Amino acid sequence: MQASTSTDVTTLVSPEQENDINDRKDLSNDEQTPLLGIKNQDTKKKCQASEWYAIIPLFFITFSAAACLPAQLQFYTEIFCRRYYDTELEGRNLLDQRDIPNCSIPEVQEGVASVTAIIQFLNYGTTFLTVSFYGHISDSKSRTSVMFLSTLGLFLVLICNVATYHLYDYFGISLIFLGPLLRGGLAGDSGLMVAVQAYISDCTTTVRRTTAFSYMMASMLCGAMVGANLSSIVLKATGGNIMSPLYMSSITLICVMMFFCIIPDSEHNTTQQHKQKPFLDQINVYKSVKQLFTVKVIHGSRFTLPLVALAQFLMAAIALPPILLYAMLEFGWTAYESGYYISFTSFLRFLQLMIIFPLLTKIFIKSSSANDIDTTQWKFNLWVTRIGVFFEGVFMFGIAFSSNASQFTSATVIGSLAILAQPAIRSLFTTSVAPEDVGQVLSALAVLDALAWLIAQFSLNALYGATVMIMPSLTFIVCGIIGIIAFFATILAHHKSGQLNSGYEEVTDV
């Protein structure tokens, strides 16, 4: 059933409200033109922003993060393994010895998991406090500046790890904790994704946006796949020098930061609106999340955005469980096998995003009429979100009950379908509201992501550390339960025509 017409609206609202609705419709214009279409034509001729200016750098950023992840994890393991045996052997110094005792023991794993929890807490804790501010900077000043600062934060993490490796006798492990603190203070992962998604939204139409978000996720996964694979090759070529991937990643990030300095910034129509916000409102995370309940919704019921945001929150909470630590413990993996596992996982998800998702999108768009294309796209995104969230829960249960590496790999193959939810959720959020509200909604989603990662990384690593000697798989069982809860949250979300949160239009179930 179609949404209420303008004639119906005039019988239900005041003249002031009607003007507000008409303004929103003019801005939206069904989003058949990109948000960049509102900018000055002369500027457009001089320097046209493109979604690829944001998508391509993500490849190199995730390439850098994935390339150093296995080596970084092994670096932490070796440091705390040596510290553990130093204590056990009554002060005997093992730091300069090549023959290190077995580090794949529960006692060492417990220490690494606890330290990892602290590192993630510092990273996502500071990100949680600053992401609203950087969301405001992205809307009112520059998308590219936030991308640059977030990349700088990751670069500083690598520098701190390299400094710890070479100057351990002087600084101990203090720099390991300084890096994540700086990264979170410089927008972190959440701030980067807010700026990138807003940049893409500025450059695309509704139909193109869903595919663009799919390419965005595919770029990230391709970067992770190539980075992890190349990391294993570099480790083998350098005789197991765990710092070599970090050197490679540092050089890559320097190039990315230079690229962000020269690309054009996107034009967006929220600048004047956000400039009037006081500083305390910019960093107020409560007000940022509250916007999910107060923002006017074009598609969906009144609680669609909060329900989907809840699902995304729970998905983010279980996105980074200690899978590699678990594989090291159960199957005796090292950084070499872990690198190939990350590459394999990324390749599977890359195929889902580059082949399956665009194919499904094209099929659904062809089956819809020209007048109903936005509604069909919205419903498609919701259903794909439900499917992806469901398989995330299945993946976690599969990991928990795997008794060998083959079963572990099979669970990974099935769980790769979960990645389909990520571009669908992002498109769902940006097409559910008017163009001028996109930045606010993405900032609220980033706050929830940061909070989820903050809670999850601290609690999941702490839970794994507490249960690793009793029941290592318990952490993944808990993650599976959380995934099923997220699935039911998406089931409760549904479409309604003409829905606006403040009651502007008549609501009709579809």
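First, a word on scope: everything that follows refers to the structure included in this document.

Conventions adopted
- Residues numbered from 1 in each chain as written.
- Predicted model: local features only at pLDDT ≥ 70, side-chain atom pairs only at ≥ 80, totals over all residues.
- Heavy atoms only, no water.
- Helix = DSSP H or I, 4+ residues; strand = E, 2+ residues; numbered from the N terminus.
- Buried < 20%, exposed > 50% of the residue type's maximum accessible area, 1.4 Å probe, protein only.
- Areas by Shrake-Rupley, 256 points an atom, 1.4 Å probe, with all protein chains shown as cover.
- Axes fitted to C-alpha atoms, helices over the stretch in contact; angles between N-to-C directions.
- Parallel < 35°, antiparallel > 145°, perpendicular 65-115°, else oblique.
- Left-handed = near helix turned anticlockwise from the far one by under 90°.
- Contact = heavy atoms within 4.5 Å.
- Nonpolar A, V, L, I, M, F, W, Y, C, P; charged D, E, K, R; others polar.
- Salt bridge = Lys/Arg side-chain N within 4 Å of Asp/Glu carboxyl O.
- Patch = residues over 30% accessible without salt bridge, like charges linked within 9 Å, V, L, I, M, F, W, Y side chains within 5 Å.
- Phe/Tyr/Trp six-rings, centres within 6.5 Å; stacked < 30°, edge-to-face > 60°.
- Lys NZ or Arg CZ within 6 Å of the ring centre and 35° of its normal.

### A word on the overall build of the protein chain
- Of the regular secondary structure elements, the protein chain holds 22 helices and two strands.
- Out of the 510 residues belonging to the protein chain, those deemed buried represent 58%.
- For the protein chain, the accessible area works out to roughly 21000 Å², and carbon and sulfur atoms hold 64% of it.

### Digging into the packing of helix 5 (residues 106-140) against helix 9 (residues 188-203)
- Axis separation between helix 5 and helix 9 bottoms out at 7 Å; the angle between their running directions is 25°. Judged by the angle between their axes, helix 5 and helix 9 are roughly parallel. Here the hand of the crossing between helix 5 and helix 9 comes out right-handed. Contact with helix 5, carried on its side by Tyr124, Thr127, Val131, Gly135 and Ser138, involves Gly188, Asp189, Ser190, Gly191, Val194, Ala195 and Ala198 of helix 9 and no other residues of that element.
- Of the residues assigned to the contact of helix 5 with helix 9, the class counts are five nonpolar, six polar and one charged.

### Here's the deal with the pattern of salt bridges
- One pass over the full model with this rule turns up three salt bridges.
- The shortest N-O distance in the salt bridge between Arg208 and Glu51 comes to 2.6 Å. Of this pair, Arg208 sits in helix 10 (residues 206-237) while Glu51 sits in the loop between helix 3 (41-46) and helix 4 (52-88), and the two are 157 residues apart along the sequence.
- Arg208 gets classed as partly exposed once you look at its relative accessible area, which sits at 37%.
- Linking Asp202 and Arg143 is a salt bridge whose minimum nitrogen-to-oxygen distance equals 3.0 Å. Separated by 59 residues along the polypeptide, Asp202 in helix 9 and Arg143 in helix 6 (residues 143-166) bring together distant segments of the chain.
- Judged by its relative accessible area of 3%, Asp202 is buried.
- Residue classification places Arg143 among the buried residues on the basis of a relative accessible area of 3%.

### A short note on a nonpolar patch on the surface
- Side chains of Phe347, Leu351, Met354, Ile355, Ile356, Leu359, Leu360, Ile363 and Phe364 sit close together on the surface and give an oily, nonpolar patch of about 730 Å² of accessible area.
- Here Ile363 is to be found in helix 17 (residues 335-366).

### Some details on the packing of helix 18 (residues 373-400) against helix 22 (residues 474-492)
- At their nearest, the axes of helix 18 and helix 22 sit 7 Å apart, and the two run at 165° to each other. As summarised for this structure, helix 18 and helix 22 are arranged roughly antiparallel, according to the angle between their axes. Between helix 18 and helix 22 lies a crossing whose hand is left-handed. Residues Leu382, Thr385, Arg386, Val389, Phe390, Gly393, Met396, Phe397, Ile399 and Ala400 of helix 18 form the contact with helix 22, whose participating residues are Phe476, Ile477, Cys479, Gly480, Ile481, Gly483, Ile484, Ala486, Phe487, Thr490 and Ile491.

### A few points about helix 16 (residues 323-331)
- With seven of its nine residues buried, helix 16 lies for the most part within the structure.
- All of the buried residues in helix 16 are Ile323, Leu324, Leu325, Tyr326, Ala327, Met328 and Leu329.
- In the stretch just after helix 16, Gly332 is the one whose phi turns positive, near 70°.

### Looking at unusual backbone geometry
- Phi is positive for Ala187, close to 85°, though the residue is something other than glycine.
- On the secondary structure map, Ala187 appears in the loop between helix 8 (174-185) and helix 9.
- When its relative accessible area of 0% is taken as the criterion, Ala187 is described as buried.

### Concerning the environment of Phe260
- Following the sequence through the fold, Phe260 ends up in helix 11 (residues 244-262).
- For Phe260, a relative accessible area of 4% gives the class buried.
- Considered as a pair, Phe260 and Thr151 are 109 residues apart in the sequence and their alpha carbons are 9.4 Å apart.

### Quick look at the packing of aromatic side chains
- Applying the stated criterion across every chain, the model contains 17 aromatic pairs.
- Ring centres of Trp52 and Tyr215 lie 5.7 Å apart, and the angle between their planes is 25°; this geometry places the pair in the stacked category. Of this pair, Trp52 sits in helix 4 while Tyr215 is found in helix 10, placing the two residues 163 residues apart along the sequence.
- The aromatic ring of Trp383 is capped on one face by Arg386, whose charged end is 4.6 Å from the ring centroid.

### So, the environment of Ile262
- In this fold, Ile262 is placed in helix 11.
- Look at Ile262 and you get exposed, because its relative accessible area is 66%.
- Separated by 118 residues in sequence, Ile262 and Thr144 have C-alpha atoms that sit 9.3 Å apart.

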